[in-house]
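Below are the chains, spelled out letter by letter.
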Amino acid sequence: MKNITDDVSAVAGWLWQRGWAERNAGNISVRLTEGEMASFPDEQPTLLPLPKRCETLAAFHFLVTATNTRMRDVAARPLDTLLLIRISDDGTGYRILSPPGETALRPTSEMSAHLCIHEMLSQKRPDHRVVMHTHVTELIALTQIRELCDEQRLNSILMGMHPETRVFVPDGVGFVPYILPGTRAIGEATLKALEDHSAALWEKHGLFATGRDPLETFDLIDILAKSASIWFLCRSAGYEPEGLTESQLHELAKLKF
Ligand code: 2HA
Ligand code: ZN
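Residues numbered from 1 in each chain as written. Chains lettered and ligands numbered in written order. Predicted model: local features only at pLDDT ≥ 70, side-chain atom pairs only at ≥ 80, totals over all residues. Heavy atoms only, no water.

### Re the environment of Thr183
Here comes step 1: Residue position: Thr183 is located in the loop between strand S7 (173-176) and helix H8 (184-195).
Here comes step 2: When its relative accessible area of 23% is taken as the criterion, Thr183 is described as partly exposed.
Here comes step 3: Along the backbone, Thr183 and Trp202 are 19 residues apart, and their C-alpha atoms lie at a distance of 13 Å.
Here comes step 4: Polar side-chain contacts of Thr183 include one of 2.7 Å to the backbone oxygen of Leu180. (Helix = DSSP H or I, 4+ residues; strand = E, 2+ residues; numbered from the N terminus. Buried < 20%, exposed > 50% of the residue type's maximum accessible area, 1.4 Å probe, protein only. Polar contact = N/O pair within 3.5 Å; in protein donor to acceptor, adjacent residues only side chain to side chain.)

The following block contains the structure:
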């Protein structure tokens, strides 16, 4: 538990420093492994309802950022801003195990999207137990350009701007057209986009990424942001970036790490 809390709080600090977490922007959840799961307190905390039953996540523990918390506070005071929750045995609700006792804190407003995604991950990519949402300025800016609001076009830009992207984000990003945040509809659209990609870009809002651990998930976001920045730098200098050629991309795709 301590290591994972340290990693989440380190990443939260980086998100803030990079300018991707204004006010209470962004949220992080981690499905804990058996070894990290906490024992049940003697007195069971109140059962809180889930918007949708999550049978596949029954009895799992998650570390989640609390709603209305700032990433800079998660970095400075992880124990006051991260919640340890346990999904009930029937998957209809959850209990907050930490902070202990009754607390006014509640999980992130994007909790329903996070849980939908964790359900899919537990089936399709069980080693991916981190879901991270943040407002990556450079990537959001791409989605403010109407002609770039297209999955193929976005991926061709992102892949072409830097070899790292082709190597470390081989499946590229999924694109989610604008939907009101916090709704079931955006949760479902994100889930669909993440079935085939480790990152989903929400039009005019931000990025959702999945990974095996918080540091790896941050790295993926960082690489995508780098590609977008290079594109904007070239455009701001008045040039159309050339992009890696098909044969260069093909060669990179064969690299193994
Ligand atoms: O957690 O970023 O999308 C605050 C948000 C909502
Ligand atoms: Zn957001």
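### Observations concerning the nonpolar core
Here comes step 1: Of all hydrophobic cores here, the largest spans 42 residues; its most connected members are Leu15, Val30, Leu63, Leu139, Leu142, Leu207 and Leu224.
Here comes step 2: Per element, the largest residue contribution to this core is eight residues, and it comes from helix H9 (residues 214-236). (Core = buried A, V, L, I, M, F, W, Y, C linked by side-chain atoms within 4.5 Å.)

### Some thoughts on the pairing of strand S4 (residues 82-87)
Here comes step 1: Buried residues dominate S4, accounting for six of its six residues.
Here comes step 2: Both faces of S4 are covered, namely the face carrying Leu82, Leu84 and Arg86 and the face carrying Leu83, Ile85 and Ile87.
Here comes step 3: Pairing analysis gives five bridges linking strand S3 (residues 61-65) to S4, with the strands arranged antiparallel. If you follow Val64 over to S4, its bridge partner there is Leu83.
Here comes step 4: Judged from the four bridges that link them, S4 and strand S5 (residues 93-98) form a sheet pairing that is antiparallel. Bridge pairing in S5 links Leu84 to Ser98.
Here comes step 5: Once S4 ends, the chain turns through five residues before running back antiparallel as S5, passing Gly91 with a positive phi of about 75°. (Pairing = 2+ DSSP bridges.)

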